[in-house]
Structures are given as C-alpha cells and as structure tokens.
Amino acid sequence: MSHPIRDSTMEGNEKPTPAQCSSAPSGAVNSNTAASNDYASQWRPLVVLLLVACFAVRLIAAVWVDRHVQTQGRRFLIEGDANGYWELAEKLAHNQEYAIHSPPRRVLRMPGFPFVLSLSIRLFGDRILPARILLALIGTGCCWLTYELARRMHMRRTGFWAAVYVGFHPLHVGNSVLILSETLFAFVMLAGLLFLLRLLDEPSTTISEHSCRADSKSSCGTVGGQRCRYRLMRDGFVVGCLTAVAVLVRPGFLPWLLVAMTAVWLLLNRSRALRMGICVLMATGCLLTLLPWAARNATVTGHWVFTSLWSGPSLYDSLNPSATGASNMAFFDDDNVMSRMSEFEMNEYYKRKAFDFVRQQPLRAAELAVIKSGRFLSPVPNEASLSNQVISTACAVSWVVLFGCAGFGAFFLRREAGLSTSSGRAWFWSAMVVTVGPLLLFLLVHMVFIGSVRYRLPAEFPLAALAAAGWRGILNHWSRTDATTWFERRDSTGMTTVPTRGLSLSDGETHRSWRLAGHIRVFRQSAADFEINNCKDAWRFFPSSDERFDFACWQHCWQVE
C-alpha cells in the first residue's frame, strides 16, 4: 500500500533515504512553519472567544438549574442517579468506605465520576453549585476537544462549526450542569478518540519503520513523514489507558477497546508485528488502569470485577415481562434479594433472569430492542421534566440538522478521500471510526440495556465533527459556483485534477484533498489555478505542520522540478 502523493514524486521506483527527509532547504521549511503559525494565530482568538461563550452559557445554566431545583425543594433535577453519585462522592471526600445503601453495596457505581465530585466537595464543602460549575468547565472542555477532533480530521473551519453545534445545543448545555456522569465521560472519550485518530492517521511509505535517526534532537522522530514506531506504540498505550478511564466513568464503554484494536489492525499501514504490538499495548494500558479497581473489588467481594455489580439489575430492568424500554427499578425493592444474597450473587441472579426472559420470549425481546433504539435515537428528550414545546422543537430541529449534515459529511469525505487508493480508504474509514463508531456502539449497547437520549449525548460530540464537514461542504457547494468541481475527477489522460471547490487561498492550510489527490500534476495544476509562479510559493499559501505533506511538497518542489 502506498501513499498517493508521495509515491507520485518517486520516479523510477526511487526510494527516499532518511537523509533526504531532513535535507529540504531551511528557508522553505521556516517559511512554511511561519505561515502555519500565522494562520493558527488568526484562528486562535476566535476559538478562545467561542470557548468563553460556551462556558458562559453553561455557567448561566448551572445557576438556573440550581435555583430551579431549590424552589421545588429538591437537590437534583434527576434525583435517582444523582443522589447515588453525590453520596458516594461524600464518602470519598471524607475518607469513608466507598459503599451506599443497607446492606452496603460496594461495587454499585464506577468510581470515576464520584471521585471528580469529591474534589469539589473537598474544596467547597457540601454545596452542589460549585460542582455544577466544575462540570460546566468540563463541558466547555468537551467543546474544545470536539474542535480539535474535527480540525485534525479535516480542517480548522470544520472544527469551529463542530464546536459551535455542541457548544450551544440546548441538551448539551443543560446536561453538562446536571450531577450525571455523561459530561465527564464525553470529555475522556473525546481525548481517547483524538489519540486514536492520531494513531490511525498515519500515511503509508516505503521507508523502513526502523529508520529512526539517532542524530536528531529526538531519538524518536519522524522519517519521511511517518512517526517512529515507538511513538505509535506510546499512542496505542495511551488509547488503552484513556479507554479504561472512560470505563471507570461508564462501564458500557468497555467494548470500545475491541473496536479500537480492530481499527488499528485493519487501517494502520505498518508491519503486522508493529500492529500486533500496538494492540497488545492498548489492551495492557486498559488492563493496568482498571487493575486497582478490580483488585479493590476482589478484596471486598472475593471476586475480580473490572466494572460494576449493577449490570445484572440494569439488564433485567430492560429485559423482563413488564419492561417498556424505560427504566423502572421497582422490582429491585420488591424482590429484596440483597437480604439473602451477596452483592455478587444478586448481580448474577438478575443476569440469569434476564437471559431466561430472552430465551422464553425472543420476539418480545426483539421488540423491546426496537423500542429502546427508538428512545435512544429520539429527537426529543425522554425525561418529562425536560420536555416542553420550545425545548422539544429546538432539540428535534438540531437533531435532524446533525443527522443530515453527518450524512453529507460522510458523502463528501468519501469522495474527497478517493477510495480508489489504499491511503484514501484508510483515512476515510479512520474518520468514520472516530465519528460514527461511538454512536453505533452506544446504539447496540442500549438496544440491550435501557435506551434514552441521555445516553446518546456523549456520542453526539464526535458525530458533530462529521456533521461540520458536511455543513462546510454544503456551504462551499452552494457558494462557489465559479470553481471547478469539489470532487476529484479524471481528465482525458487519466490524471487526477485538483479539487478546488471548498479550497481557497484564505484557507491557509492543507486540505485533505491535496494530501490524497495523487500524481505530480496536482501541484503543477494548482500553480496554474491559483497563479502561483513557482511551486515553492505553495509553502506560503498552503502551510501545514504535517511532516508528511511537507515531505511530499518538498519532493515535488526541489527534486521533480
């Protein structure tokens, strides 16, 4: 498998050497770096202003929600889960046993979210408003990570539109200040997706992956645009660790580790041994991060439990003769099995009951799966306390826009990537994994467990990156009617022409189409289209901090010409 742009510059099967990788004239490299920094500095104030606005609206929502629940004589808007999280956080803050209820349940909830709440309690006491403000800050961090994910996947403008969507969506604003785990989970998940995209976004090359330059400033650098294998292995380990941290917040995310490992195995264009090593490190990072929690559970229950002992009742809540797709845990108090069973036995008991129901009534179980998927994909909130005509209409419109633009985004990226090349296919599917993958995973999980819009909200953050690419593609398609086609197309000689729709000199950065278009003619045609007198001028018009694009452009500018 070969990278289309780089290989197009290698006449006669010429293979670049590691020495060539650092032999580009320093003036061109410095010019490229300076232009890239200038362009980034132009965006920085706008992004900072956007994040300040995102935090401001969440701060207002935190104060409003806190006053609203106080006037109703309550502490939390959604009391069931929030009460449990807050009680566990108080136990952690006061160095008490991590357990609630009587008889005590010690592995009821994962410790990630109560630990963050306990930090607020330690600093500000038993006051809920500071905790809401802390969650508002984490929610703003989710907006920033969404921007970064979309920027790395496509371009800065795409990241800006993605951050605008999640920054001002009413459900995301409101949910970020509730004492619920979704906001913290989304933050950790997005961090993991960024590292996974960085890991998968690796071009192919003919350069040996053992060609680290010992004389460079860092013994683990890049060669021909490819990162050293040790950096890839480090990123894989970090992905595993971040997946485990997300599991410590929401245990249903554990299957994502298998998804990420499969993506690395299928999409990363490196040797089989290196891919296997990265997958092993991902699993190792996840295991080591979860190990302290599992060891603690083995001490208090006698069983190595890496998630929680609430999956059984949750499963039976969604799969029982009276199930409706919504949560109704009344059976747990009615059965009172904790009076005669241990916590581990109780969990296994309800798992068996749920499996028995599926075996006895498979059609009803399938019907419930459809109902729960409808609740999960509902355009309006499921909670009656969050539903009114204004909120429902705003949420429905925004969900239709998000879903529709995400479809256009997949279409544009598919055409833009050029699936006729192996690199194009790898990049397209990498983008699909990190943007659509979480939504599909959560959909499957909540077709088994209880389905709700609340559980979908974290998956909307990466999906917004894909939707922003679609939105930008639609705007460019309508506004740039004088440009040539947005998509790559073949001329009479079979060579790929430049996709200029959506690409202007003001973009100031390398569009993915330029990286994947292929053939030497791309750069020569670009010089003609944009009246660039010399291909070297492309450095200041299309700067990029991406080493592999720098190498490809240098190959053309300094060797081919």
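Because the structure is predicted, anything quoted here is derived from the model rather than measured. (Residues numbered from 1 in each chain as written. Predicted model: local features only at pLDDT ≥ 70, side-chain atom pairs only at ≥ 80, totals over all residues. Heavy atoms only, no water.)

Draft legend 1. Region of interest: the overall build of the protein. Along the backbone of the protein there are 24 helices and 2 strands. Evaluated residue by residue, the protein yields a buried proportion of 55% over its 561 residues. Contacts in the protein between residues at least 24 apart in sequence constitute 73% of all its contacts with a sequence separation of at least 6. Counting only carbon and sulfur atoms, one obtains 60% of the accessible surface of the protein, whose full area is about 24000 Å². (Helix = DSSP H or I, 4+ residues; strand = E, 2+ residues; numbered from the N terminus. Buried < 20%, exposed > 50% of the residue type's maximum accessible area, 1.4 Å probe, protein only. Contact = heavy atoms within 4.5 Å. Areas by Shrake-Rupley, 256 points an atom, 1.4 Å probe, with all protein chains shown as cover.)

Draft legend 2. Region of interest: the packing of aromatic side chains. Applying the stated rule across the entire model yields 20 aromatic pairs. With a centroid separation of 6.2 Å and an interplanar angle of 55°, the aromatic rings of F76 and W86 are classed as tilted. Of this pair, F76 sits in the loop between α3 (26–71) and α4 (79–93) while W86 is found in helix α4, placing the two residues 10 residues apart along the sequence. The two residues F76 and W86 agree in class, both being buried. Taking the centre distance of 5.8 Å and the plane angle of 15° together, the rings of F253 and W256 count as stacked. We note that F253, like W256, is buried. When the ring centre of F185 is taken as origin, the NZ or CZ atom of R250, which lies over that ring, is 5.8 Å away. (Phe/Tyr/Trp six-rings, centres within 6.5 Å; stacked < 30°, edge-to-face > 60°. Lys NZ or Arg CZ within 6 Å of the ring centre and 35° of its normal.)

Draft legend 3. Quick look at the packing of helix α6 (residues 128–153) against helix α7 (residues 156–168). Remark: α6 packs on α7, axes separated minimally by 7 Å, with the N-to-C direction vectors making an angle of 150°. Judged by the inter-axis angle, α6 sits roughly antiparallel to α7. The two elements α6 and α7 cross, and the hand of that crossing is right-handed. Residues C143, T146, Y147, A150 and R151 of α6 form the contact with α7, whose participating residues are R156, T158, G159, F160, A162, A163, V166 and G167. For the contact of α6 with α7, the class distribution of residues is 7 nonpolar, 4 polar and 2 charged. (Axes fitted to C-alpha atoms, helices over the stretch in contact; angles between N-to-C directions. Parallel < 35°, antiparallel > 145°, perpendicular 65-115°, else oblique. Left-handed = near helix turned anticlockwise from the far one by under 90°. Nonpolar A, V, L, I, M, F, W, Y, C, P; charged D, E, K, R; others polar.)

Draft legend 4. Spotlight on the nonpolar core. Judged by nonpolar contacts, the single largest core of 121 residues is most densely connected at I179, L196, F253, V264 and L413. Those residues in contact with L413 that sit more than four places away from it in its chain are M153, H154, W427, F428, A431, M432, L466 and A469. One finds A61, V65, L77 and V173 within the second-largest nonpolar core, a separate group that totals 11 residues. (Core = buried A, V, L, I, M, F, W, Y, C linked by side-chain atoms within 4.5 Å.)

Draft legend 5. Geometry of unusual backbone geometry. Cis geometry is adopted by the peptide bond preceding P103, which originates at S102 and carries an omega value of 0°. By secondary structure assignment, the location of P103 is in the loop between α4 and α5 (112–124). The phi dihedral of H101 falls on the positive side, at around 70°, and the residue is not glycine. Its place among the elements puts H101 in the loop between α4 and α5.

Draft legend 6. Main features of the packing of helix α11 (residues 256–267) against helix α12 (residues 272–301). Following both chains from N to C, one finds α11 and α12 inclined at 165°, their axes separated by 9 Å at the closest point. As judged from the angle between their axes, α11 and α12 are roughly antiparallel. In terms of crossing hand, the pair formed by α11 and α12 is right-handed. In this structure, α11 contributes L257, A260, M261, V264 and W265 to the contact, and α12 contributes R272, R275, M276, I278, C279, M282, A283 and C286. For the contact of α11 with α12, the per-class residue count stands at 11 nonpolar, no polar and 2 charged.

Draft legend 7. View of the environment of F461. Along the chain, the position of F461 falls in helix α20 (residues 453–479). The spatial distance from the C-alpha of F461 to the C-alpha of T146 is 6.1 Å, given a sequence separation of 315 residues. Every residue in contact with F461, bar those within four places of it in the chain, is listed here: C142, T146, V166, H172, A186 and L190.

Draft legend 8. The arrangement of the pattern of salt bridges in detail. Counted by the stated rule, this structure contains 14 salt bridges. One salt bridge connects E182 with R454, and the closest N-O pair in it is separated by 3.0 Å. Of the two residues, E182 is situated in helix α9 (residues 182–200) and R454 in helix α20; the sequence distance between them amounts to 272 residues. Accessibility expressed as a relative area gives 1% for E182, which makes it buried. Across the salt bridge formed by D235 and R198, the nearest N and O atoms sit 3.3 Å from each other. Highlighted residues: D235 in helix α10 (residues 229–247) and R198 in helix α9, separated in sequence by 37 residues. Note on D235: relative accessible area 0%, which makes it buried. Taken together, the shared-partner salt bridges in this structure form one network comprising D81, R109, E182, R250 and R454. (Salt bridge = Lys/Arg side-chain N within 4 Å of Asp/Glu carboxyl O.)

Draft legend 9. Geometry of a nonpolar patch on the surface. A contiguous nonpolar patch, built from L287, L288, L291 and W304 and spanning about 410 Å² of accessible area, is present on the exposed surface. By the element assignment, W304 lies in the loop between α12 and α13 (311–318). For W304, a relative accessible area of 55% translates into the label exposed. (Patch = residues over 30% accessible without salt bridge, like charges linked within 9 Å, V, L, I, M, F, W, Y side chains within 5 Å.)

Draft legend 10. Quick peek at α13. Within α13, 6 of the 8 residues are buried, which leaves the element mostly enclosed by the surrounding structure. Within α13 the residues assigned to the buried category are G312, P313, L315, Y316, D317 and S318. Taken together, the buried residues of α13 touch α14 (330–335), α15 (343–360), α16 (362–376) and α19 (437–448).

Draft legend 11. Spatial organisation of the confidence of the model for the protein. In this model, the protein carries an average pLDDT of 78, and 72% of its residues clear a pLDDT of 70 or more. Confidence scores differ between elements of the protein, with helix α1 (residues 4–8) showing the lowest mean pLDDT of 33 and α12 the highest of 97. Long-range and interchain partners of residues 204–219, a stretch whose pLDDT sits below 50, account for 32 contacts in this model, where long-range means more than four residues apart. Low pLDDT, under 50, characterises residues 221–225; the predicted model gives this stretch 20 contacts beyond four residues in sequence or across chains. (pLDDT = per-residue confidence, 0-100.)

Draft legend 12. Local environment of the side chain of R250. Tracing the sequence through the fold places R250 in the loop between α10 and α11. With a relative accessible area of 15%, R250 lands in the buried category. In contact with R250, not counting residues within four places along its chain, are S181, E182, F185, H446 and Y455.

Draft legend 13. Quick look at the environment of Y147. Assignment of secondary structure puts Y147 in helix α6. Judged by its relative accessible area of 7%, Y147 falls in the buried class. For Y147 and T158, which are 11 residues apart along the polypeptide, the C-alpha to C-alpha distance reads 7.8 Å.

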